[in-house]
Every structure is written in C-alpha cells, then in structure tokens.
Amino acid sequence: MEAKTALIIVDLNNDFLPGGALGVAGGDVILPVINKLAGGGDYATVVATQDWHLGDHVSFETWPAHCVAGTFGAELHADLNQANVHAVIRKGFDQDVDSYSGFYDERGATNGLAELLKARGIERVDIAGIATDYCVKATAIDAVLRAGLKARVLLEACRGVGVHPGDIDQAIEAMRTAGVEIVDGTL
Ligand SMILES: [Zn+2]
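What counts, and where the lines are drawn
Residues numbered from 1 in each chain as written. Predicted model: local features only at pLDDT ≥ 70, side-chain atom pairs only at ≥ 80, totals over all residues. Heavy atoms only, no water. UniProt positions renumbered as here; feature names shortened; annotations may be inferred. Helix = DSSP H or I, 4+ residues; strand = E, 2+ residues; numbered from the N terminus. Donors = N, O, S within 2.8 Å, 3.2 Å for Na, K, Ca; no water. Buried < 20%, exposed > 50% of the residue type's maximum accessible area, 1.4 Å probe, protein only. Salt bridge = Lys/Arg side-chain N within 4 Å of Asp/Glu carboxyl O. Contact = heavy atoms within 4.5 Å. Phe/Tyr/Trp six-rings, centres within 6.5 Å; stacked < 30°, edge-to-face > 60°. Pairing = 2+ DSSP bridges. Right-handed = clockwise from strand over helix to strand, strands pointing away.

Engineer: How should the UniProt feature "domain: Isochorismatase-like" (unreviewed entry) in the protein chain be read in this particular structure?
Structural biologist: In this structure's numbering, the residues bearing the UniProt feature "domain: Isochorismatase-like" (unreviewed entry) are residues 5–184. Overall, residues 5–184 shows 24% helix and 21% strand. The separation of its end C-alpha atoms is 19 Å.

This is how it looks when you write it as structure tokens:
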C-alpha cells in the first residue's frame, strides 16, 4: 500500500455496539478485523472518530439519546486497541448541529479531520466502522467530494443499521456514485 494512506475508524462508541443505546447487530464482529488493519503497519495514520453529544442534542429528536459526552456509552469500545490509533476526532459536539460525517457537520463546520490528514500528507483513506448507511457513508462521501481524497470503504470492517430494507445497499450505491471505491471481500 502507498505510504500516504490513512485508516479512518468511524464511531466505535459503546452506544453503537451490541448492548448500547443504538447498538448495531454484528458491530462487535468488526472489532478484531479493525484492530488487525490498524496494527498491520500499512497505514501512515490511523484516526478514530467519536460521536460526542451534549445532553439534549438535536439528534435525540431522531434517535434515542446516545453518546452523551462523559458517559460510558460515548467512550470508544474497550476492545478497540487504541495503541494503534494516532488521533481521535470528536463529532456532533455542537448541541444544535448533528454531524454524521467525520469531516464536516451538517452546517459545514469542520471537525478538524481534513486538516489533520492534510497536515500529514494523506492522499487516500480507507474507511471502516459503524454505521455503513449513516456515518460511514457520510464520511466516505465527504472524503471524496469535499476533502479531495481518494477513498475506499472496507465492507468487511463495517456494519450497517438497515432501519428499512435496502438501506445498506442504497448507501453503498450512493457512495459508489460519489466516487468511493467499495471493497467487498475478505481483508
Ligand atoms: Zn450521534
């Protein structure tokens, strides 16, 4: 792999894993896959995003309360080996604005991820984590269309919510349309 590739690990907060407020089925299965990727030495930088909401966050009108700052649910899962993670980018910390994307919130304010990657000379990103049809999708599309990066989504290292049948497939198509490469196979 080229030296200037980063791995972005999206939202492995306890609340998005089984047992959490918005637990995603199979979310725990991807943890060892992601640890192997992050520890394999292929990436110049490994960044984890962390959903991080103040109480009464605007997103709690759409979703159950989750990832409330300072709670266990907001912490990254203990089985994510953070020794391999060089930086954690928090998102959704503005009480009035949600941020599915790791890069920019819904009003376009940066979370600092694009700047961090640019400072490290990163040109390509591989994306893993939760959820394929929400924050992985938004992060991948922003990577290509707004941050000017080449991006791949590693499906074996992602899990989706699938509130409605077909949501995950539609998310994959939306990412492809935006120019994201979808890697669908054993890593
Ligand atoms: Zn959230």
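Engineer: I'm lost on the coordination of the zinc ion in this one. Help?
Structural biologist: A metal bound by six donors in octahedral fashion has ideal angles of 90 or 180 degrees, whereas one bound by four tetrahedral donors has an ideal angle of 109.5 degrees. Protein-derived ligands of the zinc ion are D51 (OD), H53 (NE2) and H66 (NE2), with the metal-ligand distances lying across 1.9 to 2.1 Å. Considered as a linear motif, the donors of the zinc ion on their single chain read D-x1-H-x12-H. The class for H53 is buried, based on a relative accessible area of 1%.

Engineer: Sorry if this is basic, but what is going on with the pattern of salt bridges here?
Structural biologist: Opposite charge on two side chains allows them to pair when their charged atoms are near. Taken as a whole and assessed by the stated rule, the structure comprises five salt bridges. Of the charged contacts, one joins D11 and K91 as a salt bridge, the two residues approaching to 2.7 Å between their closest N and O atoms. One end of the pair, D11, is in the loop between β1 (5–10) and α1 (30–39); the other, K91, is in strand β3 (residues 87–91), and 80 residues separate them in sequence. With relative accessibility at 0%, the residue K91 sits in the buried group. Between K91 and D51 there is a salt bridge whose closest N-O contact spans 3.0 Å. Of this pair, K91 sits in strand β3 while D51 sits in strand β2 (residues 45–51), placing them 40 residues apart in sequence. Assessed through its relative accessible area of 3%, D51 is described here as buried.

Engineer: How should α1 be read in this particular structure?
Structural biologist: Every α-helix winds through 3.6 residues per turn, so residues three or four apart in the chain are directed the same way. The buried fraction of α1 amounts to seven of the ten residues, a majority that puts the element mostly inside the structure. Every buried residue of α1 is listed here: I30, L31, V33, I34, N35, L37 and A38. Close packing links the buried residues of α1 with β1, β2, β4 (124–130) and β5 (150–159). Downstream of α1 by one or two residues, G41 has phi in the positive range, about 85°.

Engineer: Sorry if this is basic, but what is going on with the packing of aromatic side chains here?
Structural biologist: Two measures describe an aromatic ring pair: the distance that separates the ring centres and the angle between the ring planes. Inspection of every chain in the model, using the stated rule, returns three aromatic pairs. Taking the centre distance of 5.8 Å and the plane angle of 85° together, the rings of Y100 and Y134 count as edge-to-face. Separated by 34 residues along the polypeptide, Y100 in the loop between β3 and α2 (113–119) and Y134 in helix α3 (residues 132–145) bring together distant segments of the chain. Of the aromatic side chains, those joined through ring pairs into one cluster are W63, Y100 and Y134.

Engineer: Which parts of the structure should I look at to understand the pairing of β2?
Structural biologist: The side chains of a regular strand alternate, residue by residue, between the two faces of the sheet. Most of β2 is tucked away: seven of the seven residues are buried. In this structure, β1 lies alongside β2, joined through four bridges in parallel fashion. The residue bridging L7 from the neighbouring strand is V46, located in β2. Traced from β1 through α1 to β2, the parallel crossover comes out right-handed. As paired strands, β2 and β3 are joined by five bridges and run parallel to one another. Residue pairing for β3: D51 is matched across the bridge by K91.

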